[in-house]
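This is what each chain is made of:
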Amino acid sequence: MPRMTPSEAMVETLAANGVTDIFGIMGSAFMDAMDIFAPAGIRLIPTVHEQGAGHMADGYARVSGRHGVCIAQNGPGITNFVTAIAAAYWAHSPVVCITPETGSMTQGLGGFQEAQQLPFFETITKYQGHVANPARMAEFTARCFDRAMLENGPTQLNIPRDFFYGDINVEIPQPIRIERGAGGEQSLQQAATLLAEARNPVIISGGGVVMADAVEECKALAEFLGAPVVNSYLHNDSFPASHPLWCGPLGYQGSKAGMKLISRADVVLALGTRLGPFGTLPQHGLDYWPKQAKIIQVDCDAKMLGLVKKISVGVCGDAKAAAVSILERLQNLNVACLENKGARASEIAAEKAAWEAELDQWIHEKDDYSLDMIAEQAEEQGSYLHPRQVLRELEKAMPEDVMVSTDIGNINSVANSYLRFEKPRSFFAAMSFGNCGYALPTIIGAKTAAPHRPAISYAGDGAWGMSMMEIMTCVREHIPVTSIVFHNRQWGAEKKNQVDFYNRRFVAGDLENPSFADIARAMGAEGVTVDKLEDVGPALKAAIARQMEEGKTTVIEIMCTRELGDPFRRDALSKPVRHLDKYKDYC
Ligand SMILES: Cc1ncc(C[n+]2csc(CCOP(=O)(O)OP(=O)(O)O)c2C)c(N)n1
Ligand SMILES: [Mg+2]
């Protein structure tokens, strides 16, 4: 067995796993390994903050299907990763988070930058490899890479910092990649039988379809059945939006057409989705989940089957292989819904046309608070745009092959209705973890993995403040992106709850900001302020041209009214109750 140092063993294992980019901030803890990154073909991309590095690794993994890797200094560098790794966990991203730890000889003595690093990540990783002895460096490194792919999620490689040094004899393990199958014979046959008996089948195309590269197979199945296809929440890139059977996303600010069609389904094929609870909440006043329908759920993680929604058949399998197998089986059965294919096609077209017409006319929000804000702002200096109109203009100006990341906020959520994609691995929303500050670093990671594709991030002005300094990473490292900031001078999404539940008693909700265009220019990027509707599309197109042709990053701040769309979730709040006299006015 070749003789090497543990640093060499780790770096060789990274190379064996095809790692070419790592995001992080350099530090003494892993300097011995970092020293040989470049000769191993690995670029360490320095970020402004480790949270940014974690999100970049997530975006990199989501766009490429390869591992995203991040690394930082023990202690504070590692605690800075926590939010990003939690986000990657709920985005099912194969991120390997390398966490050098305080030295094994001083651990527990309360020295410098000491922390128990495993408990932080215990419930937000799929696997934690702790290098228990320097001789096992390659083994644990390799296992972290294998498990991240096997289980579609982040893993942690924890290394006491003195274990980078020494001499070991070691063979670099070859990556283990497991081929997934379609699922059990019986469950697949039951699924096909149920679909064959259906009069009105509907397909939900989930994140698993994106990850398994199964869009074509999902399309073939949908076309055979003539079934409408809805995207699961925030997986708008799981079916091509130009396809006649595409009906848009379910969930918060999703497509009314999709919701109406699924509400009439007698059989639902939920392909590659865990049917997360937030993604099927009532929306637009529609409680659309078809409680009487038979549900077939396909997920490669058996633990997800029937976890949230009652199901009739659970298939533990790969979305692509399962779609192929179900279609083959259907071709040998009498398929009832083929009789009414024409009528269903007309119904789909009519629902989609109605929703598009509604969106076209839905220029601004019409609730009392929004109307008050629009009236008040009409009196102010400067002009402010209706978010929905802005989102429609951005939609129309989107370049081909675009990648878009979105943040958490009211306007970002309303954007869900206007974000349509032709290709998988194009949409990177802050998924179920829902952290503000997600979008910019995530798109930087995506752009690093796919430099030939136009990259756009969306964020509200509040969320933007949490990660906008990563524009410095774009400029320093020549990773050009285009960032849209919806400047409405408030933490809008949360203020909406104060409107609906707290009688407009606003606490800490308003933001008086500097010009984000000025800040962008100070960081070395281009900065543009837009306050006229007709400038929205041209500003985006010019920024994309700068990104693709000149390698320049642009921040476009768009001045928006303070109107607010539907809230995140009415289900999670209650009207206030006050028993104490001094608080009696706060009801
Ligand atoms: C890290 C983090 N902190 C706080 C929240 C709670 N939160 C959700 S949305 C929101 C407001 C976002 O405001 P902004 O980014 O300005 O977008 P807007 O709602 O105004 O469109 C806040 C504070 C969160 N989701 N994540
Ligand atoms: Mg805001």
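Residues numbered from 1 in each chain as written. Chains lettered and ligands numbered in written order. Predicted model: local features only at pLDDT ≥ 70, side-chain atom pairs only at ≥ 80, totals over all residues. Heavy atoms only, no water.

The name an unreviewed UniProt entry assigns to the protein chain is Sulfoacetaldehyde acetyltransferase, from the organism Zobellella denitrificans. Quoted verbatim from the Sequence similarities (unreviewed entry) field of the UniProt record, the comment on the protein chain reads "Belongs to the TPP enzyme family." (UniProt positions renumbered as here; feature names shortened; annotations may be inferred.)

### So, the environment of Met403
If you trace the backbone, Met403 turns up in strand β15 (residues 403-406). C-alpha separation for the pair Met403 and Phe428, spaced 25 residues apart in sequence, amounts to 7.7 Å. The residues touching Met403, leaving out its near neighbours within four places in the chain, are Val63, Ser426, Phe428, Ile443, Ala446, Lys447, Ala450, Arg453, Pro454, Ala455 and Ile456. (Helix = DSSP H or I, 4+ residues; strand = E, 2+ residues; numbered from the N terminus. Contact = heavy atoms within 4.5 Å.)

### Concerning the environment of Met469
Following the sequence through the fold, Met469 ends up in the loop between α18 (461-467) and α19 (471-477). By relative accessible area, which is 23% here, Met469 ends up partly exposed. When the C-alpha positions of Met469 and Met523 are compared, they lie 8.0 Å apart, and in sequence the two are 54 residues distant. Ignoring any residue separated from it by four or fewer positions in sequence, one finds Met469 in contact with Val48, His49 and Met523. (Buried < 20%, exposed > 50% of the residue type's maximum accessible area, 1.4 Å probe, protein only.)

### Let's talk about the domain arrangement of the protein chain
How large an interface is tends to be reported as the accessible area lost when its parts come together. Segmentation of the protein chain into domains returns domain 1 (3-169), domain 2 (185-357) and domain 3 (363-559). Once you take the C-alpha centre of each, domain 1 and domain 3 turn out to be 31 Å apart. In this complex, domain 1 contributes 25 residues to the contact, which on the side of domain 3 involves 27 residues. For the pair domain 1 and domain 3, the summed buried area comes to about 2,000 Å², and 67% of that belongs to carbon and sulfur atoms. A salt bridge links Arg43 to Glu477, with the shortest nitrogen-to-oxygen separation between them at 3.3 Å. Among the elements of the structure, β2 (21-24), β3 (43-46), α3 (50-64) and α5 (82-90) are those that each provide at least two residues to the side of domain 1 that touches domain 3. Each residue belonging to the side of domain 1 that touches domain 3 can be placed in one class, and the counts come to 12 nonpolar, nine polar and four charged. (Domains from an automatic or database assignment. Buried area = accessible area lost by both parts, 1.4 Å probe. Salt bridge = Lys/Arg side-chain N within 4 Å of Asp/Glu carboxyl O. Nonpolar A, V, L, I, M, F, W, Y, C, P; charged D, E, K, R; others polar.)

### Looking at the nonpolar core
By size, the foremost hydrophobic cluster in this structure holds 55 residues, and its most contacted members are Ile204, Leu221, Ile262, Leu269, Ile296 and Leu330. Setting aside chain neighbours within four positions, we find Leu221 in contact with Ile203, Leu269, Ala323, Ile326, Leu327 and Leu330. (Core = buried A, V, L, I, M, F, W, Y, C linked by side-chain atoms within 4.5 Å.)

### Describing the layout of surface pockets
Leftover empty space is mapped by rolling, across the atoms, a probe with the size of a water molecule. Space inside the second largest pocket adds up to approximately 250 Å³. In this structure, the second largest pocket is lined by 13 residues; those nearest its centre are Pro399, Val402, Arg420, Phe421 and Glu422. (1 Å grid on protein atoms, 1.4 Å probe; cavity = no way out; pocket = protein on both sides within 12 Å on 5 of 7 lines; lining within 4 Å. Points joined across faces, edges and corners; volume = space filled by probe spheres on them.)

### Thoughts on the coordination of the magnesium ion (ligand 2)
Around the magnesium ion (ligand 2), the donor atoms from the protein are Asp461 (OD), Asn488 (OD1) and Gln490 (O), and they sit 2.1 to 2.2 Å away. Along the chain, the residues that donate to the magnesium ion (ligand 2) are spaced as D-x26-N-x1-Q. One end of the pair, Asp461, is in helix α18; the other, Asn488, is in the loop between β18 (482-487) and α20 (492-501), with 27 residues separating them in the sequence. Like Asp461, the residue Asn488 is buried in the burial classification. (Donors = N, O, S within 2.8 Å, 3.2 Å for Na, K, Ca; no water.)

### With respect to the pairing of β18
Most of β18 sits inside the fold, with six of its six residues counted as buried. Alternating residues of β18 divide into Thr482, Ile484 and Phe486 and Ser483, Val485 and His487, and every residue in both groups is buried. Across five bridges, strand β17 (residues 455-460) lies against β18 in parallel orientation. When the sheet's bridge partners are listed, Ser457 is paired in β18 with Ser483. In this sheet, strand β20 (residues 554-559) lies alongside β18 in parallel orientation, the contact comprising six bridges. The partner of Ser483 across the bridge, within β20, is Val555. (Pairing = 2+ DSSP bridges.)

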